[in-house]
Amino acid sequence: MMMTDEKFDALVKRLEIFAHSKPASYKLRVGLLAVLGYAYIVFVLVGLLLVLGLVVLFVLWSHRINAAVIKFAFLLLIVFFIILRSLWVTFPPPLGLPLKRREFPRLFAFVDELTAKLQAPRFHHILLTNELNAAVVQRPRLGLFGWQQNYLILGLPLMQALSQNQFQAVLAHELGHLSGNHSRFAGWIYRVRLSHTQIWQRLYESGQHGSSFLFEAFFKWYFPFFGAYSFVLARMNEYEADRCAAELAGAKNTAEALMNVEVKARFLENTFWPDVYKQVQHQVEPPKTTFTKMSSALVSSLPDEDISKFLDQALAEKTNNADTHPCLSDRLKALGFLGEKSEKLPLLSLIKVNAAQQLLGENLNKTIAYFDSNWTEQISTTWRQQYAQVQQSIKKLKSLEEKAAKQKLTDEEAWERVRLTAQVSENEALIPLLQEILINQPNHAAANYSLGQILLQKNDFSGIEYLEKAMKKDPDCVMEACQIIYYFLLQQDQEAEAKVYQKRAEDHYELLLKAKQERSFVNNRDKFIPHNLPDQEITLIYQQLSRYPEIKQAYLVRKQVTYFPEKPFYILGITQQKAWYKWHTSDQDQQLLNKIISEVDFPGQAYVILLNDYSGYNKQWEKIIGKIENACIYSSSSC
């Protein structure tokens, strides 16, 4: 049984209390749980070898051997080697611009000094990226067997957004994750989580159902349980890394860094990058100096009203279990830095010399030019395509506006006008267009959703009403709409009201999980009904299936579902052309399935099964679904 979000949150809450009251016992349990994952894998491997040994003893004792025994022994060996191969997990190296000591001596000396003070391991590589972030990564060269390679990843925008003292606090926080035995333990737990996930993914994708079946029940219990235990450890280490930063760089510098990062991140997301991408409306090539302009923007002082707005947004967020990082307000409280807004604003004043200028020295302009060139090269093709689409949109929008001036647009044209306007104009221009649609179609889900979202961005409470109408009409938008209202109400200091929408989103998520599970299989208890698709839809599916010479016949039915029955769930059963003289394998089955799933379009969710697959297990379904009225929709001969 899967652990719900509610149960996960409750378990995390209990574990946080336990971890603070008995830290040694808590860490022992986390370590034992980590070992349990590997122990189960070893147990399965040993069990397979024992069963194989019993088969061999049976053959030797009975002096009898037949095809079934050989096939069973061969199957055991396949599963054993699949599991063994899956244990070789890999951790790809992180990406970034490698920095050399001789070119950036000040930065390397700065890092060396910090690692010495914090007794952290030395870094084998320092990489520079174009993100407002910093991280340390330990990559085991030998997978599960360790031999760590340490990477320090520094974002150029981060270095440009902070003073050297603030940057020192951020770097001390990251290095704090590696200093001391507790951090090595946390790093090991983190890698265990990644390796177990990789192992399960490889087993599941192996195509041998036996190998994944041996682990499915265990991992369904183990992953959420171990996830909750290791989540608490990761959260504790974030606070501990902040304490490391405060001890080395000072609480004031650490608090300044935290707030500065939040404000500058929101500035980039809400102001800088939208302004960059707006240029696609009139510029066929992407700008060539994006990161040069970002450098100037990050060193400039933002208007006080923007600082206040972005900081308020950050402080309104609450710590939740979607992220191991605590929220800004909790981190500031833990640092003993609880100043009012009037005390915070001066901390975010103009930084005269930033960390990048001090630590990258004369090579700073060269690195900015590198990221300018690299970003332009990566985005050029997409930019040109977007430019062509925008020009077409502008032309079509002009035509619709000319028509709207003379006569009333159809419902489809009115919504197309909204969609095109959204590509080339600000949200303000959409409000009258959406209101006009809702006069004629009050229950238009997409229009209600869009207008509600825009109004809440303007701090207009009436947006909630529109989002409610959208959710009532379209269940697919419930999660996103509830999240939008939740964060809006938090910003308005209405935490109790916000939690109502948080609970509603969680309940809807539970329904989605149940619906997903219900639509992930077919079994003997399922009831099937006619597909009821119009002839033109069937013709489209027929034309698509006719491209596959491997298909002999195709049957289409609907499975009766309990959750969201208004959204049909189709079952497509395929029988293959099989020549008696050709060897057929499970890999061929999987390749055909993958092609059909990725290339054939259905008017809704569909589950594809091969009725005469390699295993022969699905043959029963041909008789069951073949009896449903109008089920046969394609045949190389006749249905």
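It should be emphasised that the depicted structure is a prediction, and the values quoted were computed from it without experimental measurement.

Within the chain, the secondary structure is distributed over 24 helices and 9 strands. Out of the 639 residues in the chain, the part that is buried amounts to 45%. In the chain, 74% of the contacts between residues at least 6 apart in sequence involve partners at least 24 apart. Accessible surface computed for the chain: about 35100 Å², of which carbon and sulfur atoms make up 55%.

All right, on to the UniProt feature "transmembrane region" (unreviewed entry) in the chain then. Within the UniProt annotation, "transmembrane region" (unreviewed entry) is assigned to residues 38-60 and 72-91. The distance from the first to the last C-alpha atom of residues 38-60 is 33 Å, and the span holds 100% helix and 0% strand.

Another point: the pattern of salt bridges. Per the stated rule, a full pass over the model turns up 20 salt bridges. A salt bridge links lysine 396 to glutamate 416, with the nearest nitrogen and oxygen atoms 3.4 Å apart. One end of the pair, lysine 396, is in helix 15 (residues 364-406); the other, glutamate 416, is in helix 16 (residues 411-424), with 20 residues separating them in the sequence. Judged by relative accessible area, glutamate 416 falls into the buried class, the value being 17%. Its salt-bridge partner being glutamate 428, residue lysine 458 comes within 3.2 Å of it at the nearest N-O pair. Residue lysine 458 is found in the loop between helix 18 (445-457) and helix 19 (463-473), and its partner glutamate 428 is found in the loop between helix 16 and helix 17 (430-440); the two are separated by 30 residues along the sequence. You can call lysine 458 partly exposed: its relative accessible area is 43%. Each of Asp275, Lys278 and Glu426 takes part in a single network of salt bridges with overlapping partners.

Right, let's get into the confidence of the model for the chain. Model confidence for the chain is summarised by a mean pLDDT of 85, while 88% of its residues fall at 70 or above. Of all secondary-structure elements in the chain, the lowest mean pLDDT belongs to helix 13 (residues 341-344), at 43, while strand 1 (residues 97-98) reaches the highest, 96. A low-confidence stretch, residues 340-347 stays under pLDDT 50, and its non-local contacts, those more than four residues away or across chains, total 14 contacts.

Following the criterion strictly, the structure yields 24 aromatic pairs and no others. When the ring of tryptophan 273 is compared with that of phenylalanine 291, the centres are 6.0 Å apart and the planes differ by 70°; the resulting orientation is edge-to-face. Of the two residues, tryptophan 273 sits in helix 9 (residues 251-278) while phenylalanine 291 sits in helix 10 (residues 290-299), which places them 18 residues apart along the sequence. When its relative accessible area of 19% is taken as the criterion, tryptophan 273 is described as buried. Judged by centre distance (6.0 Å) and plane angle (85°), the rings of phenylalanine 528 and tryptophan 621 are edge-to-face.

Take the nonpolar core next. One finds Leu107, Leu128, Leu154, Met159, Phe167, Leu171 and Leu360 to be the most contacted residues of the largest nonpolar core, which totals 74 residues. No other element matches the 10 residues that helix 9 contributes to this core. Every residue in contact with leucine 171, bar those within four places of it in the chain, is listed here: Phe110, Val111, Leu114, Leu152 and Leu154.

We now examine the sheet that holds strand 3 (residues 134-140). Strand order in the open sheet formed by 4 strands is 1-2-4-3, and the pairing between neighbours is mixed. Two strands lie at the open edges of the sheet, namely strand 1 and strand 3, each paired on one side alone. Both strand 3 and strand 4 (residues 148-155) contribute to a ladder of 7 bridges, which runs antiparallel. Of the residues in strand 4, the one forming a bridge with alanine 135 is isoleucine 153. Against the sheet, helix 6 (residues 164-176) contacts strand 3 and strand 4, and its axis sits at roughly 25° relative to strand 3.

Right, let's get into the pairing of strand 2 (residues 125-129). Among the 5 residues of strand 2, 4 are classified as buried, and the element is accordingly described as predominantly covered. Taken together, the 2 bridges between strand 1 and strand 2 define a ladder with antiparallel strand orientation. When the sheet's bridge partners are listed, leucine 97 is paired in strand 2 with leucine 128. Relative to strand 4, strand 2 runs parallel, the two being bridged by 5 bridges. Bridge pairing links histidine 125 to tyrosine 151 in strand 4.

This part covers the environment of alanine 135. You can see alanine 135 is positioned in strand 3. The spatial distance from the C-alpha of alanine 135 to the C-alpha of glycine 155 is 8.8 Å, given a sequence separation of 20 residues. Those residues in contact with alanine 135, other than ones at most four positions away along the chain, are Tyr151, Leu152, Ile153 and Glu174.

In this section: the packing of helix 19 against helix 20 (residues 478-491). Here helix 19 crosses helix 20 at 160°, and the two axes come no closer than 9 Å. Relative to helix 20, the element helix 19 lies roughly antiparallel. In the crossing of helix 19 with helix 20, the sense of the turn from one axis to the other is left-handed. Facing helix 19, whose interface residues are Ile464, Leu467 and Met471, helix 20 presents Val478, Ala481, Cys482, Ile484, Ile485, Phe488 and Leu489. Across the contact of helix 19 with helix 20, the residue classes tally to 10 nonpolar, no polar and no charged.

Turning our eyes to something else, we now look at the side chain of glutamine 544. You can see glutamine 544 is positioned in helix 22 (residues 535-545). Exposure remark for glutamine 544: the relative accessible area of 12% places this residue in the buried category. With sequence-adjacent residues up to four places away left out, glutamine 544 is seen in contact with Glu599, Val600 and Asp601.

Looking at the element boundaries, serine 635 is found in strand 9 (residues 632-635). Aside from chain neighbours lying at most four places away, what touches serine 635 is Tyr542, Lys552 and Gln553.

Here we take up unusual backbone geometry. One non-glycine residue, asparagine 532, lies in positive phi territory at about 60°. Position of asparagine 532 among the secondary structure elements: in the loop between strand 5 (528-530) and helix 22. A relative accessible area of 59% means that asparagine 532 is categorised as exposed. Even without glycine at this site, phenylalanine 564 takes up a positive phi of about 50°.

So, on to the packing of helix 17 against helix 18. At a closest axis distance of 10 Å, the pairing of helix 17 and helix 18 adopts a crossing angle of 145°. Of the two elements, helix 17 crosses helix 18, and the hand of that crossing is left-handed. On helix 18, the residues touching Leu430, Ile431, Leu434, Gln435, Ile437 and Leu438 of helix 17 are Ala447, Asn448, Ser450, Leu451 and Ile454. Split by residue class, the contact of helix 17 with helix 18 holds 8 nonpolar, 3 polar and no charged.

Our next topic: a nonpolar patch on the surface. On the surface, a cluster of nonpolar side chains totalling about 420 Å² of accessible area is made up of Leu54, Val56, Leu57 and Leu60. By secondary structure assignment, the location of leucine 54 is in helix 2 (residues 23-62).

Procedures and definitions
- Residues numbered from 1 in each chain as written.
- Predicted model: local features only at pLDDT ≥ 70, side-chain atom pairs only at ≥ 80, totals over all residues.
- Heavy atoms only, no water.
- Helix = DSSP H or I, 4+ residues; strand = E, 2+ residues; numbered from the N terminus.
- Buried < 20%, exposed > 50% of the residue type's maximum accessible area, 1.4 Å probe, protein only.
- Contact = heavy atoms within 4.5 Å.
- Areas by Shrake-Rupley, 256 points an atom, 1.4 Å probe, with all protein chains shown as cover.
- UniProt positions renumbered as here; feature names shortened; annotations may be inferred.
- Salt bridge = Lys/Arg side-chain N within 4 Å of Asp/Glu carboxyl O.
- pLDDT = per-residue confidence, 0-100.
- Phe/Tyr/Trp six-rings, centres within 6.5 Å; stacked < 30°, edge-to-face > 60°.
- Core = buried A, V, L, I, M, F, W, Y, C linked by side-chain atoms within 4.5 Å.
- Pairing = 2+ DSSP bridges.
- Axes fitted to C-alpha atoms, helices over the stretch in contact; angles between N-to-C directions.
- Parallel < 35°, antiparallel > 145°, perpendicular 65-115°, else oblique.
- Left-handed = near helix turned anticlockwise from the far one by under 90°.
- Nonpolar A, V, L, I, M, F, W, Y, C, P; charged D, E, K, R; others polar.
- Patch = residues over 30% accessible without salt bridge, like charges linked within 9 Å, V, L, I, M, F, W, Y side chains within 5 Å.

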